[in-house]
Amino acid sequence: MSLSISLDISSSAEKFYNQWRTQAHLLPGISGSIHSVEVHEGDWDSDGAVKLWTYTLEGKSRTAKDKVSFDDEDKSVTMDIIEGDVLKEFKSFKIVMKASAKADGKSRVIWSYDFEKISESVALPVSYLIIYEKLTREVESHHGAE
């Protein structure tokens, strides 16, 4: 199954993408939802790097370990969740962020989630759309303040 959200932002697509590509370690200082990001394998900006995220979702502290890949040409980041709280309800969970320039000088960010629920009783992960919309706005605001 999949869900996605598309957001228009005033930041350049390149700047927004690079926040995730080369500056993910700064996200805890930008967002009230992200508490820490640690590299467990590889480097901050290397394909295949494994990162451990601590964040708040629905008022609870949670963790997720992902394996990340980057597509510089497409300005997209793919985060395959390999461990963490989200895998208590989902067999698999993959997050893709793609940033693209628009003709009006603004940019569009699309967050997509591909997942497989453990059972039909598990709710759709709409709360992840909400947290990434908030995070997108926090990053956009941070870029505007630079």
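Whatever comes next refers back to the structure up there.
Residues numbered from 1 in each chain as written. Predicted model: local features only at pLDDT ≥ 70, side-chain atom pairs only at ≥ 80, totals over all residues. Heavy atoms only, no water.

1. A few points about the side chain of Arg21
Step number 1: Its location among the elements puts Arg21 in helix H1 (residues 13-21).
Step number 2: You can call Arg21 buried: its relative accessible area is 16%.
Step number 3: One polar contact links the side chain of Arg21 to the main-chain carbonyl oxygen of Asp45, over a distance of 2.2 Å.
Step number 4: The contacts of Arg21, once residues within four sequence positions are left out, are Trp44, Asp45, Ser46, Phe70 and Asp72. (Helix = DSSP H or I, 4+ residues; strand = E, 2+ residues; numbered from the N terminus. Buried < 20%, exposed > 50% of the residue type's maximum accessible area, 1.4 Å probe, protein only. Polar contact = N/O pair within 3.5 Å; in protein donor to acceptor, adjacent residues only side chain to side chain. Contact = heavy atoms within 4.5 Å.)

2. Topic: the sheet that holds strand E1 (residues 2-9)
Step number 1: An order of E1-E7-E6-E5-E4-E3-E2 is seen for the seven strands of this open sheet, with the pairing classed as antiparallel. Edge strands, defined here as strands with exactly one partner in the open sheet, are E1 and strand E2 (34-41). Taken over all neighbouring pairs, the strand axes of this sheet differ in orientation by 25° on average, direction set aside.
Step number 2: Pairing geometry for strand E3 (residues 50-57) and strand E4 (residues 60-71), over eight bridges, is antiparallel. Within the sheet, the bridge partner assigned to Leu52 lies in E4 and is Lys65. (Pairing = 2+ DSSP bridges. Axes fitted to C-alpha atoms, helices over the stretch in contact; angles between N-to-C directions.)

3. Regarding the side chain of Glu138
Step number 1: Topologically, Glu138 is positioned in helix H3 (residues 126-145).
Step number 2: A relative accessible area of 17% places Glu138 in the buried class.
Step number 3: Sequence-distant contacts of Glu138, that is, excluding residues within four places in its chain, are made with Ile30, Ser31 and Gly32.

4. Description of the nonpolar core
Step number 1: Within the largest apolar cluster, 40 residues are counted, with the highest numbers of intra-cluster contacts made by Trp20, Trp111 and Tyr113.
Step number 2: Element by element, the count of residues in this core is highest for H3, at six residues.
Step number 3: Every residue in contact with Trp111, bar those within four places of it in the chain, is listed here: Leu3, Ser4, Ile5, Leu7, Phe16, Trp20, Met79, Ile95, Val96, Met97, Tyr132 and Thr136. (Core = buried A, V, L, I, M, F, W, Y, C linked by side-chain atoms within 4.5 Å.)

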